[in-house]
Amino acid sequence: MRGRTGVDVYEAVDSRRAVRAFSDEPVPRAVLERVLTAARRAPSSGNLQPWQVYVVTGEPLAALKRAATARARAQDPGDEREYPMYPAELAAPYLDRFAEAAAQRYAALGIDRQDPERPVKITALNTEAFGAPVVLFCYLDRAMGPGQWADAGMYLQTVMLLLRAEGLHSCPQVMWTMYRETVGRLVGADDRLVLLCALAVGFEQEGAPRVRTGRADVAETVRFIGT
């Protein structure tokens, strides 16, 4: 059985990336419980801990993948979004970063950007969770505001770094919000909850193309004042 890799925090941050090719090797429940137990210490303003997570594996996950993939291949436009994934208008430098990263991802997935079937193929890969044997669905109470959404982001980052310490990889998937009704029925989420995103989890498939998207130089995003 695989175990902790002993990576330090810098190594965990550097090695974390959105993996889009997982092996079918099962992830022990004890490992998931250890990660999620430790992640409770993530920052939370007012200690609200606003997240509600559903961990789906095995046949329930297989059934969910089948249902969502069938919707994707039927070119179902998906459920009405409850929040925008990106701003309606993206300008430089954000649009440039987005386009460059997208081109890298499509190339690694073997999908030509000119392929008319590209949207369906990409969505179908997502609904298969890239082969991941575990998917975490993170919800928030609808009463929560932007501060609590930020808390959930810090919680998920904490989970992803702890997964690296266990030798596991992950891929955040906002795409699942397109099929939130299908997900909600399976996990039993009630109407007071809104699906923030999913997190595909597993061991990386050996030999799969690796994509490491670039990052802006620190000078572009950080200003030091008084030093």
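Here, every reference points to the structure presented above.
Residues numbered from 1 in each chain as written. Predicted model: local features only at pLDDT ≥ 70, side-chain atom pairs only at ≥ 80, totals over all residues. Heavy atoms only, no water.

(A) Representation of the overall build of the chain within the structure. Helix and strand counts for the chain come out as 8 helices and 4 strands. Seen in sequence order, the chain has helices and strands lined up from the N terminus as α-α-β-α-α-α-β-α-β-α-β-α. Against the globule reference of 17 Å for 227 residues, the chain gives a C-alpha radius of gyration of 18 Å, in line with a compact fold. Expressed along its principal axes, the backbone C-alpha trace of the chain runs to roughly 55 × 40 × 40 Å. Counting the 227 residues in the chain, one finds 41% classified as buried. Roughly 13100 Å² of accessible area belongs to the chain as shown, and the carbon and sulfur atoms make up 53% of that amount. Separation of charge centres in the chain, based on 28 positive and 28 negative side chains, amounts to 2 Å. (Helix = DSSP H or I, 4+ residues; strand = E, 2+ residues; numbered from the N terminus. Rg over C-alpha atoms; globule rule 2.2 N^0.38 Å. Buried < 20%, exposed > 50% of the residue type's maximum accessible area, 1.4 Å probe, protein only. Areas by Shrake-Rupley, 256 points an atom, 1.4 Å probe, with all protein chains shown as cover. Lys, Arg positive; Asp, Glu negative; His and termini not counted. Charge placed at Lys NZ, Arg CZ, Asp CG, Glu CD.)

(B) Broad picture of the packing of aromatic side chains. As enumerated under the stated definition, the model contains 5 aromatic pairs in all. Ring plane angle 10° and centroid distance 4.2 Å describe the contact between tryptophan 51 and tyrosine 155, whose orientation is recorded as stacked. Of this pair, tryptophan 51 sits in strand S1 (residues 51–57) while tyrosine 155 sits in helix H6 (residues 146–165), and the two are 104 residues apart along the sequence. For tryptophan 51, a relative accessible area of 13% translates into the label buried. Taking 5.5 Å as the distance between ring centres and 85° as the angle between the ring planes, the aromatic pair formed by tyrosine 54 and tyrosine 139 counts as edge-to-face. Separated by 85 residues along the polypeptide, tyrosine 54 in strand S1 and tyrosine 139 in strand S2 (residues 134–141) bring together distant segments of the chain. For the pair tyrosine 54 and tyrosine 139, a shared accessibility class is recorded, and that class is buried. (Phe/Tyr/Trp six-rings, centres within 6.5 Å; stacked < 30°, edge-to-face > 60°.)

(C) Summary view of the environment of arginine 34. By the element assignment, arginine 34 lies in helix H2 (residues 29–38). Separated by 55 residues in sequence, arginine 34 and glutamate 89 place their C-alpha atoms 41 Å apart.

(D) Quick peek at helix H7 (residues 180–187). Turning to H7, its buried residues are Thr182, Val183, Gly184 and Val187. Where H7 is buried, its residues touch S1, helix H3 (58–73), S2 and strand S4 (193–202). Where H7 terminates, the next one or two residues include glycine 188, which has phi positive at roughly 80°. (Contact = heavy atoms within 4.5 Å.)

(E) Fine view of the pairing of S4. Most of S4 sits out of view: 10 of its 10 residues are buried. Bridge count between S2 and S4: 8 bridges; the pairing is antiparallel. Residue pairing for S4: phenylalanine 137 is matched across the bridge by alanine 198. Two elements, strand S3 (residues 169–173) and S4, share 5 bridges in a ladder whose sense is antiparallel. Looking at the pairing, proline 172 lines up with leucine 199 of S4. (Pairing = 2+ DSSP bridges.)

(F) Structural view of the layout of surface pockets. Of the voids in this model, the largest pocket is the one considered here, and its volume is about 1900 Å³. Surrounding the largest pocket, 50 residues form its lining, Arg20, Tyr86, Phe98, Ala101 and Arg105 being those nearest its centre. Among the elements of the structure, helix H1 (9–15), helix H4 (94–109), helix H5 (118–127), H6 and S3 are those that each provide at least two residues to the lining of the largest pocket. Of all the elements, H4 adds the most residues to the lining of the largest pocket, at 11 residues. Looking at side-chain class alone, the lining of the largest pocket contains 29 nonpolar, 8 polar and 13 charged residues. Empty space within the second largest pocket amounts to approximately 190 Å³. (1 Å grid on protein atoms, 1.4 Å probe; cavity = no way out; pocket = protein on both sides within 12 Å on 5 of 7 lines; lining within 4 Å. Points joined across faces, edges and corners; volume = space filled by probe spheres on them. Nonpolar A, V, L, I, M, F, W, Y, C, P; charged D, E, K, R; others polar.)

(G) Here's a closer look at empty space enclosed by the protein. Tallied over the entire structure, the rule returns 1 cavity of 30 Å³ or more. The volume enclosed by the largest cavity comes to roughly 30 Å³. As for the largest cavity, its lining consists of Glu82, Tyr83, Thr177, Arg180 and Leu195. Partitioned by chemical class, the residues of the lining of the largest cavity number 2 nonpolar, 1 polar and 2 charged.

So yeah, pure geometry; function would need other evidence.
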